[in-house]
Amino acid sequence: MELEGRGAGGVAGRSAAGPGRSPGESALLDGWLQRGVGRGAGGGEAGACRPPVRQDPDSGPDYEALPAGATVTTHMVAGAVAGILEHCVMYPIDCVKTRMQSLQPDPAARYRNVLEALWRIIRTEGLWRPMRGLNVTATGAGPAHALYFACYEKLKKTLSDVIHPGGNSHIANGAAGCVATLLHDAAMNPAEVVKQRMQMYNSPYHRVTDCVRAVWQNEGAGAFYRSYTTQLTMNVPFQAIHFMTYEFLQEHFNPQRRYNPSSHVLSGACAGAVAAAATTPLDVCKTLLNTQESLALNSNITGHITGMASAFRTVYQVGGVTAYFRGVQARVIYQIPSTAIAWSVYEFFKYLITKRQEEWRAGK
């Protein structure tokens, strides 16, 4: 019998088309046989002749779904790797951004755009100058992003179950991002202070230890957190916008929440760009608080600048309204690939680690 022969040997030979059967019906029967009778003969689900799952040819690659059983440890490891890689890859652009946000830059440090700035820094100060301070940034980024992603994932699920059971809540995403920012910035702020002081033009610090020692001795331990409130004021709305935009775009580009690298990259890049542009004025104030820029302080301003209100007044006094948007080009250019890298690497490692854990448990 023809069906039995195909069941034992798979679908082979001529088509299953018979009298009165259209080519479309024949293709459907072939698919049925491959999934049903053929599997039964191979020792699987015997006789389980189920209709084939018809896939939309335009649906793109059939990626495996993101595992749902990721643990807190998985989120922390994936987050740490993503944070370190993101900051290391984008560090030269971050250096340019810090300098372009200078309120009264040295004439030798006035740049027209990001590429020109990067070229002039390398040509006049050396190839590795844009990388100065990278080590302290990587050291801070690991634990900061581990706390950041683990807290976000845990709170997002908890709040979504309360606000919108069984679904995705934009309010939960934004609130989880805000709380995660508190932990991230607490771990990252000291590294930010040291990093930005080493990035400035004519910085007297060549080693991280020199900078840490000088700040501690001259300004006290509080200097490492002088910009913390401003950083939170900037990062809380930034992360709220960032996470809500990312999750919103994922609903459109990746509604099945499968592991889809292109959707993670695109959603992350767009979310980062929107959030970066919206919060540039706060980033300028944060840079001023971190660097205590000497030329700005000499502009009829005495003492250290402390607090967000003081930073806002100083920025306005020195450069007017336009000063709040210094470095916006560099900030957006930095943030687009930065968040794209962070999300794609994070989702990849979360998927990979959880998949390996599931395989290990199944093999026990």
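Our subject is the structure that appears above.
In what follows, the accompanying structure is described. (Residues numbered from 1 in each chain as written. Predicted model: local features only at pLDDT ≥ 70, side-chain atom pairs only at ≥ 80, totals over all residues. Heavy atoms only, no water.)

1. Digging into the overall build of the protein
Link 1 in the chain: Each helix and strand in the protein was counted, giving 14 helices and zero strands.
Link 2 in the chain: Start at the N end of the protein and walk to the C end: the helices and strands fall as α-α-α-α-α-α-α-α-α-α-α-α-α-α.
Link 3 in the chain: Summarising the internal contacts of the protein: among those between residues at least 6 apart in sequence, 73% fall at separations of at least 24.
Link 4 in the chain: Of the roughly 17800 Å² that the protein leaves accessible, carbon and sulfur atoms contribute 62%. (Helix = DSSP H or I, 4+ residues; strand = E, 2+ residues; numbered from the N terminus. Contact = heavy atoms within 4.5 Å. Areas by Shrake-Rupley, 256 points an atom, 1.4 Å probe, with all protein chains shown as cover.)

2. Here we look at empty space enclosed by the protein
Link 1 in the chain: Counted by the stated rule, this structure contains one cavity of 30 Å³ or more.
Link 2 in the chain: The volume enclosed by the largest cavity comes to roughly 400 Å³.
Link 3 in the chain: For the largest cavity, the lining is made up of 25 residues, of which E86, H87, H184, Q239 and Q335 are closest to its centre.
Link 4 in the chain: Across the lining of the largest cavity, the residue classes break down as eight nonpolar, nine polar and eight charged. (1 Å grid on protein atoms, 1.4 Å probe; cavity = no way out; pocket = protein on both sides within 12 Å on 5 of 7 lines; lining within 4 Å. Points joined across faces, edges and corners; volume = space filled by probe spheres on them. Nonpolar A, V, L, I, M, F, W, Y, C, P; charged D, E, K, R; others polar.)

3. Examining the side chain of K97
Link 1 in the chain: Of note, K97 is situated in helix α4 (residues 72-100).
Link 2 in the chain: Sequence-distant contacts of K97, that is, excluding residues within four places in its chain, are made with Q196, D283, G327, A330 and R331.

4. Topic: the nonpolar core
Link 1 in the chain: The biggest cluster of nonpolar side chains holds 27 residues, and the ones touching the most others in it are V96 and W343.
Link 2 in the chain: Of all the secondary-structure elements, those providing two or more residues to this core are α4, α5 (114-125), α6 (134-163), α7 (170-199), α9 (228-253) and α14 (328-363).
Link 3 in the chain: Setting aside residues no more than four positions away along its own chain, V96 makes contact with V114, A117, L118 and I121.
Link 4 in the chain: Formed by twelve residues, the second largest nonpolar core is a distinct cluster that contains V136, V194, A214 and A223. (Core = buried A, V, L, I, M, F, W, Y, C linked by side-chain atoms within 4.5 Å. Buried < 20%, exposed > 50% of the residue type's maximum accessible area, 1.4 Å probe, protein only.)

5. Concerning a nonpolar patch on the surface
Link 1 in the chain: Taken together, the side chains of V72, M76, L147 and L183 define a hydrophobic patch exposed on the protein surface, amounting to about 300 Å² of accessible area.
Link 2 in the chain: Residue placement: V72 occurs in helix α4. (Patch = residues over 30% accessible without salt bridge, like charges linked within 9 Å, V, L, I, M, F, W, Y side chains within 5 Å. Salt bridge = Lys/Arg side-chain N within 4 Å of Asp/Glu carboxyl O.)

6. Things to note about the packing of α7 against α9
Link 1 in the chain: Between α7 and α9, whose axes approach to 7 Å, the crossing angle comes to 140°. When the axis of α7 is compared with that of α9, the two are oblique. Considering the relative orientation of α7 and α9, their crossing is right-handed. In this structure, α7 contributes H170, N173, G174, G177, C178, T181, L182, D185, A186, N189 and E192 to the contact, and α9 contributes Y228, Q231, L232, N235, V236, Q239, A240, F243, M244, E247, F248 and E251.
Link 2 in the chain: Its residues placed into classes, the contact of α7 with α9 shows ten nonpolar, nine polar and four charged. (Axes fitted to C-alpha atoms, helices over the stretch in contact; angles between N-to-C directions. Parallel < 35°, antiparallel > 145°, perpendicular 65-115°, else oblique. Left-handed = near helix turned anticlockwise from the far one by under 90°.)

7. Some words on the pattern of salt bridges
Proximity of charged atoms lets side chains of opposite charge pair with each other.
Link 1 in the chain: Inspection of the entire model under this criterion finds 22 salt bridges.
Link 2 in the chain: R226 is paired through a salt bridge with E219; the nearest N and O atoms lie 2.8 Å apart.
Link 3 in the chain: Residue R226 is classed as buried on the basis of its relative accessible area of 13%.
Link 4 in the chain: For E219, a relative accessible area of 21% corresponds to the partly exposed category.
Link 5 in the chain: Among the charged side chains, a network of salt bridges with common partners joins D94, K97, E192, K195, D283, K286 and R331.

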